[in-house]
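Inside the fold
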Amino acid sequence: MSGRFGIGADTTLGWSYNNPLGTDTGTMGDQGGLQVTYWIAKMFAIELLLAFDYTTVSGDGDVEGSANQYGFGLRGLVPVAFTNDVNLEAVIGFAFAGAGSDMGTPDNSDDAVSATFLLIEIGLRPEWYITDHFSIHTQVGVAISLLNEDNTGVPNGSGADINAFGAYDLLGNAGFTFYF
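Residues numbered from 1 in each chain as written. Predicted model: local features only at pLDDT ≥ 70, side-chain atom pairs only at ≥ 80, totals over all residues. Heavy atoms only, no water.

Moving on: the side chain of Arg125. By secondary structure assignment, the location of Arg125 is in strand β8 (residues 111-129). Accessibility expressed as a relative area gives 0% for Arg125, which makes it buried. Within polar-contact distance, the side chain of Arg125 engages the side chain of Glu127 at 3.2 Å. (Helix = DSSP H or I, 4+ residues; strand = E, 2+ residues; numbered from the N terminus. Buried < 20%, exposed > 50% of the residue type's maximum accessible area, 1.4 Å probe, protein only. Polar contact = N/O pair within 3.5 Å; in protein donor to acceptor, adjacent residues only side chain to side chain.)

Spelled out as C-alpha cells, the structure:
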C-alpha cells in the first residue's frame with residue numbers, strides 16, 4: 001500500500017452539538033463525507049475527511065430559515081493485523097465541525113445559532129480489499145468531544161462528551177475507498 005492514493009466516502013465517529021434547528025440539544029451522529037487517503041508507508045496512512053450539509057425550511061410550518069453543518073477531519077490509519085484480504089487498522093485522529101442556523105417561527109423574530117466543536121477519535125477499522133483498487137470498511141471506537149457553553153446544553157458550562165462504540169447504524173459507519 002505504500003505510496004497509494006485513494007478517494008471515497010467515510011465518516012467520523014460522532015460528536016455532541018447544540019441542534020442548529022433550535023429544537024433540542026442532542027448528539028450529532030457520524031458526519032459522512034468525501035474522504036482522501038494517502039498511504040505514506042506500509043504501516044501508516046493519512047486520511048482527510050470533508051463534509052458539508054445545507055438545509056432550508058420554508059412554508060406554513062413552525063420553523064422557517066436555513067441551517068448548515070460543515071466539518072473536516074484528519075486521522076492516521078495504522079494496520080495492527082493483516083490477512084490476505086482484510087486489514088484491521090487503528091484509527092487515531094481529530095475532527096473539527098461547525099453548525100449554524102438562522103431559524104425563526106412565523107410569529108416571532110429569527111433566532112440565529114452557531115457552534116463549533118472539536119472531536120478526538122480513537123477506534124478500530126476493518127478494511128476489506130475486494131480488489132487491488134477498491135475496498136470497503138466499517139469502524140467503531142471512542143469519540144471524545146471537547147465542549148464549551150455553545151454546545152453542551154448546560155448554560156455557562158464546558159466539559160467533554162464521551163461516545164464509546166457509538167456506531168449505531170446498520171452498517172457501523174461504513175465507507176469505501178477507490179485506490180489509484
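Within the secondary structure layout, Phe178 lies in strand β12 (residues 175-179). When the C-alpha positions of Phe178 and Asp132 are compared, they lie 9.1 Å apart, and in sequence the two are 46 residues distant. Sequence-distant contacts of Phe178, that is, excluding residues within four places in its chain, are made with Phe5, Gly6, Ile7, His133 and Phe134. (Contact = heavy atoms within 4.5 Å.)

With that settled, the discussion passes to the pairing of β12. Only one face of β12 is covered, namely the one carrying Gly175, Thr177 and Tyr179; the face carrying Phe176 and Phe178 has none of its residues buried. Two strands pair when backbone bridges link them, and strand β9 (residues 134-137) and β12 are joined in this way by four bridges, in the antiparallel orientation. Within β12, the position partnered with His137 by the bridge is Gly175. (Pairing = 2+ DSSP bridges.)

As enumerated under the stated definition, the model contains five aromatic pairs in all. Judged by centre distance (5.1 Å) and plane angle (80°), the ring pair of Phe178 and Phe180 falls under edge-to-face. Taken together through their ring pairs, the aromatic side chains of Phe5, Phe178 and Phe180 make up a single cluster. Between the NZ or CZ atom of Lys42 and the centre of the ring of Phe82, over which it lies, the distance is 5.7 Å. (Phe/Tyr/Trp six-rings, centres within 6.5 Å; stacked < 30°, edge-to-face > 60°. Lys NZ or Arg CZ within 6 Å of the ring centre and 35° of its normal.)

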